[in-house]
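Okay, here's what each chain looks like letter by letter:
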Amino acid sequence: MADDPDRLRALAEPHATVADKIRALAGAGVARADIARFLGKRYQHVRNVLEGDAQSGVQGEGYVLGKADLSGARERPRPFERDEDEAYIERRGKDVFWLEIKPDGSLPMPPELVELLEATPGRRVFVEVKDGRLTMMSGMAALEEAQAIVRKYIPAGRMLSDELIADRRAEVAREEQKDREEQAWLKR
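Going along each chain's sequence as written, the residues are numbered from 1 onward. Thresholds applied to this predicted model are a pLDDT of at least 70 for local features of residues and 80 or more for the giving and counting of side-chain atom pairs; totals over whole chains, interfaces and linings are not thresholded and use all residues. As a rule here, side-chain values come from all non-hydrogen atoms in the structure, and water together with hydrogens is ignored.

Can you help me understand the pattern of salt bridges in this one?
A side chain of one charge can pair with a side chain of the opposite charge when the charged atoms of the two come close. Within this document, salt bridges are pairs made up of a side-chain nitrogen of Lys or Arg and a carboxyl oxygen of Asp or Glu, the two lying within 4 Å of each other. Summed over the entire model, instances satisfying the criterion amount to eight salt bridges. A salt bridge links arginine 92 to glutamate 90; the nearest nitrogen and oxygen atoms lie 2.7 Å apart. Each residue's exposure class comes from its accessible area (1.4 Å probe, protein chains only) as a fraction of the maximum for that residue type: buried when under 20%, exposed when over 50%, partly exposed otherwise. Residue glutamate 90 is classed as partly exposed on the basis of its relative accessible area of 39%. Between arginine 91 and glutamate 112 there is a salt bridge; the shortest N-O distance is 2.0 Å. Within this pair, whereas arginine 91 is found in strand S1 (residues 89-93), its partner glutamate 112 is found in helix H5 (residues 111-116), the two being separated by 21 residues in sequence. Exposure remark for glutamate 112: the relative accessible area of 35% places this residue in the partly exposed category. In DSSP terms, a helix is any run of H or I states spanning at least four residues, a strand is any run of E spanning at least two, and both are numbered starting from the N terminus.

Okay, here's the thing in structure tokens:
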């Protein structure tokens, strides 16, 4: 179960009915499957309560929160929301860190590491896991490493990328010209 059972008990305990317990737990951001497991109910039961509330409420407003007292339910941070990452990062040297996994399963990164990896939103980093080690590099560093590997296997004097493409296009053009000449000769 993703949530702490003590927390779930504290959220559900004040409520008399199963439906109100479901509403309180859902209002606190607990996943439906976790609610069903915790209460020992079928997932469909949990879904029916929550969907019924959503349908009886004003269109687009979601659950009718007036059916259960949610004053004791505190919403926890959503996965990958930025909270105080510094609390999860321990600097052990100039370029050495201990990183603690956050409750949502994410791994915080020190700002200098984000900058080094050029890990701005929308950009990708390359990650390799091998023999219990995690290696991360920027997309550009990964591309340069891949090009270096390819260069090792290309015999000396051979062309790369743009030259290779241009050579292939010229070859195709020569083949097409040869085909046109053969067709013209056959039509005679």
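Once the structure has been displayed, the description carries forward.
Explanation requested: unusual backbone geometry in the structure shown.
Note: most peptide bonds trans; most residues except glycine with negative phi. Non-glycine residue glutamate 118 carries a positive phi angle of around 55 degrees. The residue glutamate 118 is located in the loop between H5 and strand S3 (125-130) in this model. Located in the positive-phi region is aspartate 131, a residue other than glycine, with phi close to 55 degrees. Tracing the backbone through its elements, the reader meets aspartate 131 in the loop between S3 and strand S4 (133-138).

Please explain the nonpolar core as it appears in this structure.
For soluble globular proteins, nonpolar side chains are generally found buried alongside one another. Counting residues in each nonpolar core, the largest one holds 13 residues, and the members touching the most others are Ile22, Leu25, Val30, Ile35, Val46 and Leu50. Among the elements of the structure, helix H1 (5-12), helix H2 (18-27), helix H3 (32-39) and helix H4 (43-56) are those that each provide at least two residues to this core. Whether two residues are in contact is decided by their heavy atoms: any pair within 4.5 Å suffices. What isoleucine 22 contacts, discounting residues up to four positions off in sequence, is Ile35, Leu39, His45, Val46, Val49 and Leu50. Among the buried residues, those of types Ala, Val, Leu, Ile, Met, Phe, Trp, Tyr and Cys that are joined through side-chain atoms within 4.5 Å form a nonpolar core.

Any chance you could explain the pairing of strand S2 (residues 96-99) here in plain terms?
Side chains on a regular strand alternate between the two faces of the sheet. Pairing between strands is defined by DSSP: at least two bridges between the two strands are required. Pairing between S1 and S2: four bridges, direction antiparallel. Looking across to S2, one finds that glycine 93 is bridged to valine 96. Hairpin connection from S1 to S2: two residues lie between these consecutive antiparallel strands.

What's the story with a negative patch on the surface in this structure? I'm lost.
Note that patches include only residues with greater than 30% relative accessible area and no salt bridge, and the join distances are 9 Å for like charges and 5 Å for nonpolar side chains (Val, Leu, Ile, Met, Phe, Trp, Tyr). Using the Shrake-Rupley algorithm and a 1.4 Å probe, accessible areas are obtained, with residue cover drawn only from the displayed protein chains. None of His or the chain ends enter the tally, which takes Lys and Arg as positive and Asp and Glu as negative. By convention, the charge on Lys lies at NZ, on Arg at CZ, on Asp at CG and on Glu at CD. Taken together, the side chains of Glu175, Glu176, Asp179, Glu181 and Glu182 define an acidic patch exposed on the protein surface. Checked against the element boundaries, glutamate 181 lands in helix H7 (residues 161-186).

Worth remembering: the numbers are spatial, not functional.
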